[in-house]
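Notes for the structure review
So the chains spell out like this:
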Amino acid sequence: MRDSRQAERWLVVDTDAGLDDAVALCMALKLDSHYGLSCKLVTTTHGNCSLDKVNQNVAKCIRACGLDASSAPRVVAGAARPLSGVEPTDASYFHGEDGLGDAGLPEAASCLSTGYAHEELVALCREAASCHAEVICVALGPLTNIALALRYEPNLPKLLHRMIFMGGCGNARGNMT
């Protein structure tokens, strides 16, 4: 149990919702309160599959965790392609055509809210600052939404309590976007 005098900790998950991200997202959704966190925002980005498929995969994760629109964190779509303008990476050779290993999971109702991921991340950070909460952002896919948020609010590093990202790899294959 957390000390009641400690600041609230708000979690943001920025994801491209492939197999690995789906597991991480489900863990964040189900275990957040156990670890003294409140998952407030999920932002989606291109990466393992198209943004439309990523959005659907997030909806499937939310459903799998037994959440609905009233109990799930806000979900906002983000970047559909890299800032450089090149075609997004297609990792269907690894994650399957649907990004979830072609497991044949039924479609889930959309859970997207209106807005832009980078703006919603900054707005949540500002809200947290106003009530002395801490924002922890976990970026699991390409960092395009984070780059856009930094461009939108250059003081973002001061507003975030912690930034955790999955990126890079030893052999230049995989998480290189």
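For the structure itself, consult the block above.
**What about the state of the cysteines?**
- Scanning the model with the defined rule gives zero disulfides in all.
- No disulfide involves C111; its sulfur sits 9.4 Å from that of C61, the nearest cysteine.
- With no disulfide partner, C125 has as its closest neighbouring cysteine sulfur the one in C137, 7.4 Å distant.

**Some words on the packing of aromatic side chains**
- Taken as a whole and assessed by the stated rule, the structure comprises zero aromatic pairs.
- The positively charged end of K40 is found above the aromatic ring belonging to W10, 4.7 Å away from the centroid.

**Let's talk about the pairing of strand β5 (residues 134-139)**
- Of all the six residues making up β5, five are buried; the element is thus mostly covered by neighbouring parts of the structure.
- As defined by bridge partners, strand β1 (residues 9-15) adjoins β5 across six bridges and the pair is classed as parallel. Across the sheet, residue W10 finds its bridge partner in β5, namely V135.

**Considerations on the packing of helix α1 (residues 19-31) against helix α2 (residues 51-64)**
- Where α1 contacts α2, the axes come no closer than 10 Å and their chain directions differ by 40°. As judged from the angle between their axes, α1 and α2 are oblique. For the pair α1 and α2, the sense of crossing is right-handed. The segment α1 lies against α2, with A22, L25, C26 and L29 engaging V58, C61 and I62.
- Its residues placed into classes, the contact of α1 with α2 shows seven nonpolar, no polar and no charged.

**Structural notes on the layout of surface pockets**
- Reported here for the second largest pocket is a volume of approximately 170 Å³.
- Forming the boundary of the second largest pocket are L11, V13, A24, L25, M27, A28, L37, I136, V138, L140, R162 and I164.
- Breaking the lining of the second largest pocket down by element, the ones donating at least two residues are β1, α1, β5 and β6 (162-165).
- No other element matches the four residues that α1 contributes to the lining of the second largest pocket.

Cut-offs applied
- Residues numbered from 1 in each chain as written.
- Predicted model: local features only at pLDDT ≥ 70, side-chain atom pairs only at ≥ 80, totals over all residues.
- Heavy atoms only, no water.
- Disulfide = S-S within 2.5 Å.
- Phe/Tyr/Trp six-rings, centres within 6.5 Å; stacked < 30°, edge-to-face > 60°.
- Lys NZ or Arg CZ within 6 Å of the ring centre and 35° of its normal.
- Buried < 20%, exposed > 50% of the residue type's maximum accessible area, 1.4 Å probe, protein only.
- Helix = DSSP H or I, 4+ residues; strand = E, 2+ residues; numbered from the N terminus.
- Pairing = 2+ DSSP bridges.
- Axes fitted to C-alpha atoms, helices over the stretch in contact; angles between N-to-C directions.
- Parallel < 35°, antiparallel > 145°, perpendicular 65-115°, else oblique.
- Left-handed = near helix turned anticlockwise from the far one by under 90°.
- Contact = heavy atoms within 4.5 Å.
- Nonpolar A, V, L, I, M, F, W, Y, C, P; charged D, E, K, R; others polar.
- 1 Å grid on protein atoms, 1.4 Å probe; cavity = no way out; pocket = protein on both sides within 12 Å on 5 of 7 lines; lining within 4 Å.
- Points joined across faces, edges and corners; volume = space filled by probe spheres on them.

No statement about biological role is implied by the geometric values presented.
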